[in-house]
Amino acid sequence: MNDIHTIEANIFERLSHVIDPELGRSVTDLGMITSIEAVRAERTCDDGGDVIDVTVHVELTVKDCPLSETITNQINGAVRSYTDPDSPGATLVPHIEVSSMPQDKLTSLVQTLKAERRQNPFSKPGVKTRIFAIASGKGGVGKSSVTANLAATFAALGYDTAAIDADIYGFSLPRLFGVHTQPTNLNGMLMPVTAWGVKLISIGMFAGADRAILWRGPRLQRSLEQFLSDVWWGEPDVLLLDLAPGTGDMAISVAQALPNAELVVVTTPQPSASDIAVRSGLVALQVPMKVRGVVENMSYYEHKGEKLRIFGEGGGQRVSEQLTAALGHDVPLMAQLPLMPELRETGEAGRPAVLTPEGALASTPLADEFTSLARRLMELH
């Protein structure tokens with residue numbers, strides 16, 4: 001009997017390494033494992049070894065949890081891969097019994113989690129998350145597409161990545177990531193939707209978002225505060241914010257709520273875009289936000305080995321030089337991204353163009369450019 005109790009204790013310890021994908025905590029820390037029962041079966045394996053049936057009782061935080069299969073698969077793997085030192089030839093057969101967490105237990109858990117998140121977690125001293133706010137002076141330069149593909153690149157490179165669609169009026173990240181579901185509401189705490197390895201939140205995920213949104217300053221600021229404080233982000237390595245074009249209320253709110261954010265300015269080559277893009281970077285003269293660099297989108301179209309400069313050239317470099325002079329520190333041109341029909345076609349279909357259908361980084365010049373950009377951004381500056 002002692003060896004059975006040892007097996008149960010050792011499996012519980014192994015399950016402490018099974019992480020709830022939404023909450024970023026182990027299932028044991030969250031109280032989701034209520035009991036483990038190991039029973040030596042009367043039957044034997046084909047090779048004559050013992051069979052030990054292991055029943056794991058799991059309480060999920062929400063009924064019909066969309067990630068229940070992911071969690072149960074991890075638990076199954078943890079049980080099957082365990083080798084009992086006293087019975088090395090034994091085979092452990094997992095049986096997972098799933099139920100929902102009782103309301104009082106769930107309430108207590110959420111209160112505990114919220115107590116750790118009484119304020120915006122990204123503004124605390126010592127926070128490890130690198131925050132990049134993607135901005136543009138005007139619409140139509142591909143800012144959201146850059147945000148989506150950059151986020152997907154970070155995730156594919158192994159970074160724990162989150163993204164906030166802070167373009168309240170022109171949200172597009174849900175479409176670019178193929179998201180058609182709402183965030184899970186865990187007793188007033190929202191779980192971000194995960195797509196292509198990126199944790200996402202957007203006003204476009206909520207009912208009624210197809211109608212025109214007529215919000216002004218205070219309500220815009222409150223929406224950002226809610227996205228930061230009322231959503232369980234865990235501790236991501238990277239947080240991207242897709243800002244609305246221009247220098248309006250949301251840009252100011254981001255600077256106030258996230259003083260450690262770094263601004264990345266997106267432009268296209270022509271002067272009509274680059275001249276306006278400079279203004280979005282000059283926000284840093286009035287608010288505590290550093291401009292990290294410039295990305296020139298739609299720089300060229302490659303045709304039969306020749307780079308055609310359809311929108312002219314030099315816009316990104318002009319923005320870089322003007323912001324460097326105005327801000328008094330180097331604001332480099334960090335990437336020149338090609339104009340590619342695949343970027344639109346794949347993005348409209350709900351998959352960032354830098355990824356393969358399996359979710360890995362594609363072996364394409366576009367993916368290479370975004371990989372280089374991601375690595376440059378993560379360099380200490």
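All values derive from a computational prediction rather than experimental measurement.

1. Some words on unusual backbone geometry
Argument step 1. Phi is positive for methionine 298, close to 55 degrees, though the residue is something other than glycine.
Argument step 2. For methionine 298, the position within the fold is in the loop between β12 (290–296) and β13 (301–303).
Argument step 3. A relative accessible area of 18% means that methionine 298 is categorised as buried.
Argument step 4. Backbone geometry places lysine 304, a non-glycine residue, at a positive phi of 55 degrees.
Argument step 5. Owing to a relative accessible area of 78%, lysine 304 belongs among the exposed residues under this scheme.

2. Regarding the packing of aromatic side chains
Argument step 1. Here the structure, examined in full by the defined rule, presents two aromatic pairs.
Argument step 2. Taken together, a centroid distance of 5.7 Å and an interplanar angle of 85 degrees make the contact between phenylalanine 154 and tyrosine 159 edge-to-face.
Argument step 3. Among the aromatic residues, those joined into a ring-pair cluster are Phe132, Phe154 and Tyr159.
Argument step 4. Just above the ring of tyrosine 300 sits the side chain of lysine 307; from NZ or CZ to the centre is 4.5 Å.

3. Here's the deal with the packing of helix α8 (residues 271–282) against helix α9 (residues 315–327)
Argument step 1. Put simply, α8 and α9 touch, their axes get as near as 9 Å, and they point 30 degrees apart. Between α8 and α9, the crossing angle belongs to the class labelled roughly parallel. Classified by chirality, the crossing of α9 by α8 is right-handed. Contact residues: Pro271, Ser274, Ala277, Val278, Gly281 and Leu282 in α8; Gly315, Arg318, Val319, Gln322, Leu323, Ala326 and Leu327 in α9.
Argument step 2. A class-by-class count of the residues in the contact of α8 with α9 yields eight nonpolar, four polar and one charged.

4. Quick look at the UniProt feature "binding site: ATP" (unreviewed entry) in the protein
Argument step 1. Listed under "binding site: ATP" (unreviewed entry) in the UniProt record, and renumbered for this structure, are Gly137, Lys138, Gly139, Gly140, Val141, Gly142, Lys143 and Ser144.
Argument step 2. Among the structural elements, lysine 138 can be located in the loop between β4 (130–136) and α4 (143–156).
Argument step 3. Topologically, serine 144 is positioned in helix α4.
Argument step 4. Residue contacts for serine 144: discarding those within four places in its chain leaves Ser172, Leu173, Leu176 and Asp242.

5. Section: the environment of glycine 137
Argument step 1. Along the chain, the position of glycine 137 falls in the loop between β4 and α4.
Argument step 2. Under the relative-accessibility criterion, glycine 137 is labelled buried at 16%.
Argument step 3. Residues glycine 137 and threonine 267 lie 130 residues apart in sequence; the distance between their C-alpha atoms is 7.6 Å.

6. Some words on the environment of isoleucine 201
Argument step 1. Mapped onto the elements, isoleucine 201 comes out in strand β9 (residues 198–202).
Argument step 2. For isoleucine 201, the contacting residues outside a window of four places in its chain are Ala163, Ile164, Asp165, Pro183, Phe206, Phe227, Val231 and Trp233.

7. Digging into the sheet that holds strand β1 (residues 33–44)
Argument step 1. Pairing is mixed in the open sheet, where three strands are placed in the order β1-β2-β3. Sheet topology places β1 and β3 (91–100) at the edges, where each strand pairs with a single neighbour. Averaged over all pairs of adjacent strands, the angle between strand axes in this sheet comes to 20 degrees, irrespective of strand direction.
Argument step 2. Note that strand β2 (residues 50–60) and β3 share ten bridges and pair parallel. Bridging across to β3, valine 56 finds its partner in isoleucine 96.
Argument step 3. Along the sheet, helix α2 (residues 68–80) makes contact with β1, β2 and β3, crossing β3 at roughly 155 degrees.

8. Some remarks on the packing of α4 against helix α11 (residues 365–378)
Argument step 1. Contact geometry for α4 and α11: axes closest at 9 Å, N-to-C directions at 75 degrees. As judged from the angle between their axes, α4 and α11 are roughly perpendicular. Contacts from Val146, Asn149, Leu150, Thr153 and Phe154 of α4 reach α11 at Phe370, Thr371, Leu373, Ala374, Leu377 and Met378.
Argument step 2. By residue class, the composition of the contact of α4 with α11 is eight nonpolar, three polar and no charged.

9. Section: the pairing of β9
Argument step 1. Burial analysis of β9 places five of its five residues in the buried class, which makes it a mostly covered element.
Argument step 2. Where strand β5 (residues 161–166) lies against β9, five bridges are found, and the strand directions are parallel. Paired with isoleucine 164 across the strands is isoleucine 201, a residue of β9.
Argument step 3. Across three bridges, the pairing between strand β8 (residues 193–195) and β9 is antiparallel. Of the residues in β9, the one forming a bridge with alanine 195 is valine 198.

10. Some points on the pattern of salt bridges
Argument step 1. Tallied over the full model, the rule gives seven salt bridges.
Argument step 2. The partner of lysine 128 in a salt bridge is aspartate 237, with the nearest N and O atoms 3.1 Å apart. Here the residue lysine 128 occupies a position in the loop between α3 (103–115) and β4, and aspartate 237 occupies one in the loop between α6 (217–229) and β10 (238–243), the gap between them amounting to 109 residues.
Argument step 3. A salt bridge links aspartate 160 to lysine 199; its shortest N-O distance comes to 3.1 Å. With aspartate 160 in the loop between α4 and β5 and lysine 199 in strand β9, the pair connects residues that are 39 residues apart, well separated along the chain.
Argument step 4. It is possible to trace a salt-bridge network through shared partners that takes in Arg130, Glu262 and Arg292.

About the thresholds
Residues numbered from 1 in each chain as written. Predicted model: local features only at pLDDT ≥ 70, side-chain atom pairs only at ≥ 80, totals over all residues. Heavy atoms only, no water. Helix = DSSP H or I, 4+ residues; strand = E, 2+ residues; numbered from the N terminus. Buried < 20%, exposed > 50% of the residue type's maximum accessible area, 1.4 Å probe, protein only. Phe/Tyr/Trp six-rings, centres within 6.5 Å; stacked < 30°, edge-to-face > 60°. Lys NZ or Arg CZ within 6 Å of the ring centre and 35° of its normal. Axes fitted to C-alpha atoms, helices over the stretch in contact; angles between N-to-C directions. Parallel < 35°, antiparallel > 145°, perpendicular 65-115°, else oblique. Left-handed = near helix turned anticlockwise from the far one by under 90°. Contact = heavy atoms within 4.5 Å. Nonpolar A, V, L, I, M, F, W, Y, C, P; charged D, E, K, R; others polar. UniProt positions renumbered as here; feature names shortened; annotations may be inferred. Pairing = 2+ DSSP bridges. Salt bridge = Lys/Arg side-chain N within 4 Å of Asp/Glu carboxyl O.

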